[in-house]
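Chain residues, written in single-letter form:
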Amino acid sequence: SSGIANAKLTVTYDDGTILGFCRSGSYVYFCGAITSSTSLQIADSISINGSVYIVNRCGYSDNVLDFDEALNLSILSLPPTITYIYNIPSQITDLYLKSANPPTLYSSSSISDSTTIWVPQSVITAYTNKVASADSYWYQKHVHYEGWEPKSVTVTVNSPGSFAQVLLSQIEQWSDVDELTVIGKLNETDLGYLSRLKNVSKIDLSQTDIKTITGCAGLIYLKDILLPSTVLKVQSGAFSGCMAMREIIIPNATSIGSNAFSSCYNL
């Protein structure tokens with residue numbers, strides 16, 4: 001009688017928030033909530049008649065989490081015990097997961113593409129590996145580690161081959177860079193480091209003198225790439241997997257290698 005779809009059990013927080021759950025054997029499903037809050041943290045277990053049960057499912061079957069009376073809710077934090085996610089409504093802009101291993105997703109739409117997923121930095125690799133795998137329902141999901149803040153960085157490279165050294169003098173780690181502008185001279189060794197910029201959304205190389213472009217494969221968040229008019233060749237697989245990239249201008253290119261733009265779905 002809580003009004004939360006599929007909920008057979010409820011938990012009430014001190015602020016009046018009501019959470020709905022359903023238990024089937026060893027599975028406890030988080031079904032939805034009634035709250036006026038903008039953020040909500042789900043506990044890792046509930047007590048039923050003196051027995052403790054682990055909360056390990058988010059959603060109930062393929063039914064949408066019931067947030068009809070939680071319209072202000074945009075931030076959801078799930079416990080590390082969650083191993084399966086049926087669905088996260090698109091109203092959730094920020095989803096915090098604590099599981100060391102990425103939970104199993106019911107389908108590719110279990111988590112909206114508009115939702116940013118935050119995980120502990122210690123487990124970010126496990127999630128980004130899933131995001132990069134076309135065989136996983138995690139493919140293309142937007143994942144960052146907790147505390148990550150986007151940075152716009154401009155570097156001037158006076159000597160070809162010194163790009164990495166110059167960039168690392170301004171940042172702590174490659175994944176910190178959101179937008180990168182490079183001025184100066186680059187060689188293919190320098191371009192090979194671009195694939196380490198796992199969170200980059202924009203790369204501006206228009207103020208360099210490169211004649212060949214490569215090294216951007218797998219940059220799943222890369223939306224914009226600006227190249228100089230000197231570029232004549234796009235190497236094989238150069239932008240493979242850059243699924244967010246929207247446009248590229250290479251008016252003087254005379255050679256484009258095989259699979260240069262494979263899986264660039266938004267190009």
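Residues numbered from 1 in each chain as written. Predicted model: local features only at pLDDT ≥ 70, side-chain atom pairs only at ≥ 80, totals over all residues. Heavy atoms only, no water.

Enquirer: Explain the overall build of the protein chain to me, and be specific about the residues and the numbers.
Expert: Secondary structure assignment for the protein chain yields three helices and 21 strands. Projected onto its principal axes, the C-alpha positions of the protein chain cover 70 × 35 × 30 Å. Looking at the protein chain as a whole, 46% of its 267 residues qualify as buried. Of all intrachain contacts in the protein chain linking residues separated by at least 6 positions in sequence, the fraction that spans at least 24 positions is 43%. If you average the places of the 15 positive and of the 22 negative side-chain charges in the protein chain, the two averages end up 7 Å apart. (Helix = DSSP H or I, 4+ residues; strand = E, 2+ residues; numbered from the N terminus. Buried < 20%, exposed > 50% of the residue type's maximum accessible area, 1.4 Å probe, protein only. Contact = heavy atoms within 4.5 Å. Lys, Arg positive; Asp, Glu negative; His and termini not counted. Charge placed at Lys NZ, Arg CZ, Asp CG, Glu CD.)

Enquirer: Can you explain the packing of aromatic side chains? Please cite residues and give values.
Expert: Per the stated rule, a full pass over the model turns up eleven aromatic pairs. Geometrically, the ring pair formed by Tyr84 and Tyr86 is tilted, given 4.7 Å between the ring centres and 45° between the ring planes. Look at Tyr84 and you get partly exposed, because its relative accessible area is 21%. Three or more aromatic residues link up through ring pairs in this structure, and these residues are Tyr27, Tyr29, Tyr60, Tyr84, Tyr86 and Tyr106. Sitting above the plane of the Tyr53 ring, Arg23 keeps its charged end 4.3 Å from the centroid. (Phe/Tyr/Trp six-rings, centres within 6.5 Å; stacked < 30°, edge-to-face > 60°. Lys NZ or Arg CZ within 6 Å of the ring centre and 35° of its normal.)

Enquirer: Before we move on, could you go through the state of the cysteines and cite the residues and values that matter?
Expert: According to the stated counting rule, one finds zero disulfides in the structure shown. In this structure Cys22 is not part of a disulfide, and its nearest cysteine sulfur, from Cys31, lies 5.3 Å away. Under the relative-accessibility criterion, Cys22 is labelled buried at 6%. Here Cys58 is not cross-linked by a disulfide; its sulfur's nearest cysteine counterpart is in Cys31, at 9.3 Å. Here Cys58 falls in the buried class, since its relative accessible area comes to 0%. (Disulfide = S-S within 2.5 Å.)

Enquirer: Could you give an account of the environment of Cys22, with specific residues and numbers?
Expert: In this fold, Cys22 is placed in strand β2 (residues 18-24). Sequence-wise, Cys22 and Asn187 are 165 residues apart; in three dimensions their C-alpha atoms are separated by 59 Å. Apart from the residues within four sequence positions on either side, Cys22 is in contact with Asn6, Lys8, Tyr27, Val28, Tyr29, Cys31 and Tyr60.

Enquirer: Outline the environment of Asp209, supporting the account with residue identities and numerical values.
Expert: With respect to the helices and strands, the residue Asp209 is situated in the loop between β17 (202-208) and β18 (212-213). Judged by relative accessible area, which is 33%, Asp209 ranks as partly exposed. C-alpha of Asp209 to C-alpha of Phe67: the two residues are 142 residues apart in sequence and 53 Å apart in space. Apart from the residues lying within four places of it in its own chain, the contact partners of Asp209 are Gly184, Lys185, Leu186 and Thr230.

Enquirer: Any chance you could break down the nonpolar core for me, citing the residues and the numbers?
Expert: In terms of nonpolar packing, the biggest core is built from 40 residues, with Phe30, Leu76, Leu78 and Ile88 touching the most fellow members. Only β2, β3 (27-34), β5 (45-48), β13 (116-119), α1 (124-131) and β14 (142-145) provide two or more residues apiece to this core. Beyond its immediate chain neighbours, meaning those up to four positions away, Leu78 contacts Ile42, Cys58, Ile85, Ile88, Leu95, Tyr96, Leu97 and Lys98. Core analysis: the next-biggest nonpolar cluster, separate from the first, contains 35 residues, Ile171, Ile248, Ala260 and Cys264 among them. (Core = buried A, V, L, I, M, F, W, Y, C linked by side-chain atoms within 4.5 Å.)

Enquirer: Before we move on, could you go through the pairing of strand β6 (residues 51-54) and cite the residues and values that matter?
Expert: Here four bridges tie β5 to β6, and the two strands are oriented antiparallel to one another. Bridge pairing in β6 places Ile46 opposite Tyr53. (Pairing = 2+ DSSP bridges.)

Enquirer: Account for the sheet that holds β13, with residues named and values stated.
Expert: Taken together, five strands build an open sheet; the order of strands is β4-β9-β11-β13-β14 and the sheet is parallel. Sheet topology places β4 (39-41) and β14 at the edges, where each strand pairs with a single neighbour. The mean inter-strand angle of the sheet, taken between neighbouring strand axes irrespective of direction, is 20°. Judged from the three bridges that link them, strand β9 (residues 75-77) and strand β11 (residues 94-96) form a sheet pairing that is parallel. From the neighbouring strand, Ile75 faces β11, where its bridge partner is Asp94. Across the sheet, α1 touches β13 and β14, and the angle it forms with β14 is around 165°. (Axes fitted to C-alpha atoms, helices over the stretch in contact; angles between N-to-C directions.)

Enquirer: Give me the lowdown on the sheet that holds β18, citing residues and values where you can.
Expert: Spatially, β18-β20-β21 is the arrangement adopted by the three strands of the open sheet, whose pairing is parallel. Pairing within the sheet leaves two strands with one partner each, and these edge strands are β18 and β21 (255-256). Note that strand β20 (residues 233-234) and β21 share two bridges and pair parallel. Residue pairing across strands places Lys233 opposite Ser255, the latter belonging to β21.

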